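Structural overview
Residue-level listing of the chains:
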Amino acid sequence: MANVKGSKPMTRFEELTPSFWREVAKEPGGELSARCFACGTCTAACPVHAVDARYNPRQLVHMILLGMRERVLSSDFIWLCSGCYTCADRCPQGVRVTDIMTAVKNIAAREGYLHPTFRQQAELVGRFGRLYEVEDFDNKKRQRLGLPPVRKTFPEVQEIFRMTGMGKYTEAAEANQP
Ligand code: SF4
Ligand code: SF4
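Sequence order sets the numbering: in each chain, residues are counted from 1 along the sequence as written. Chain labels run from A onward and ligand labels from 1 onward, assigned in the order the entries are written. For this predicted model, a pLDDT threshold of at least 70 governs which residues receive local features, and a threshold of 80 or more governs which side-chain atom pairs are given and counted, while totals over whole chains, interfaces and linings are taken from all residues. Only hydrogens and water are set aside when side-chain values are computed; all heavy atoms of the structure are taken into account.

Some remarks on the packing of helix H8 (residues 116-128) against helix H10 (residues 155-163)
Two numbers describe how H8 lies on H10: the axes approach to 7 Å, and their chain directions differ by 120°. As judged from the angle between their axes, H8 and H10 are oblique. Residues Ala122, Val125, Gly126, Arg127 and Phe128 of H8 lie in contact with H10, whose contacting residues are Val157, Gln158 and Phe161. Here the residues of the contact of H8 with H10 are counted per class, giving 5 nonpolar, 2 polar and 1 charged. Each axis is a line fitted through C-alpha atoms, taken for helices only over the stretch in contact, and angles between the N-to-C directions span 0 to 180 degrees. For the purposes of this entry, the term helix denotes a DSSP run of H or I that reaches at least four residues, the term strand denotes a run of E that reaches at least two, and both are numbered from the N terminus. Orientation is classified from the angle alone, with under 35 degrees giving roughly parallel, over 145 giving roughly antiparallel, 65 to 115 giving roughly perpendicular, and any other angle giving oblique. Residues are treated as being in contact if the distance between any of their heavy atoms lies within 4.5 Å. Residues are grouped as follows: nonpolar covers Ala, Val, Leu, Ile, Met, Phe, Trp, Tyr, Cys and Pro; charged covers Asp, Glu, Lys and Arg; every other residue, Gly included, is treated as polar.

A look at the site of ligand 1
Inspection of the region around ligand 1 gives 13 residues, with Cys36, Cys39, Gly40, Cys42 and Cys91 positioned closest. When grouped by side-chain class, the residues that make up the shell around ligand 1 number 9 nonpolar, 3 polar and 1 charged. Here a residue counts as near a molecule or strand whenever at least one of its heavy atoms sits within 4 Å of it.

Structural notes on the site of ligand 2
Lining the immediate environment of ligand 2, one finds 13 residues, of which Cys46, Tyr55, Cys81, Cys84 and Cys87 sit closest. Mapped onto the shell around ligand 2, the elements with two or more residues apiece are helix H3 (47-51) and helix H6 (86-90). Split into classes, the residues belonging to the shell around ligand 2 amount to 9 nonpolar, 4 polar and no charged.

Re the nonpolar core
Formed by 29 residues in total, the largest nonpolar core has its most connected members in Val24 and Val104. Elements supplying a minimum of two residues to this core: helix H1 (20-26), helix H4 (57-66), helix H5 (69-73) and helix H7 (97-110). Take this core: its biggest share by element is 8 residues, from H7. As used in this record, nonpolar core signifies buried Ala, Val, Leu, Ile, Met, Phe, Trp, Tyr and Cys residues forming a set joined through side-chain atoms within 4.5 Å. Partly exposed residues are those whose accessible area sits between 20% and 50% of the maximum for their type, while under 20% is buried and over 50% is exposed, using a 1.4 Å probe and protein chains only.

Looking at unusual backbone geometry
With a phi close to 60°, alanine 38 is a non-glycine residue in the positive phi region. When you line up the elements, alanine 38 lands in the loop between H1 and helix H2 (41-45). The phi angle at tyrosine 85 is positive, at roughly 70°, despite the residue not being glycine. With respect to the element layout, tyrosine 85 can be found in the loop between H5 and H6.

Taken by themselves, the reported measurements are silent on function.
Structure representation (structure tokens):
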């Protein structure tokens, strides 16, 4: 069947993964999604939704329950959750939407869907041990202001990066680039 002009491609029944919610439930904090009765309180309270109505936590939880695995994991929207826990505080069913978003992001990262923004940040941390590169220019400027120089790299952070295997998530995301 043709899609309505401008609408998202329809998800076909055979593309669904009915056990997806169980997979999410195995992740820390992801176990409560099945309690959701789709009241929308989380969405109404969400500060990110207030800024961009396309971000809809109720819809994402529902998509998880429906088994729309591929659509959820590849969605840019899962990366927009700010982790503020407002939804979790308001949910009448005690669903920890914030933790569910974290669980979904963890699965997405393992499967090569780490968002490019986070991938770049992770790569910087792996390379320098910090989120941005310090140039000689920065330290000269600090010197002029009478401030001590800033280290260019933090080997101890790089070591944590290496020990946690973070590099494999950025490599998986790079390999998954279209
Ligand atoms: S507030 Fe809770 S029950 Fe209501 S839609 Fe959100 S997650 Fe589901
Ligand atoms: S934790 Fe995420 S989904 Fe929940 S209200 Fe905050 S931004 Fe929205």
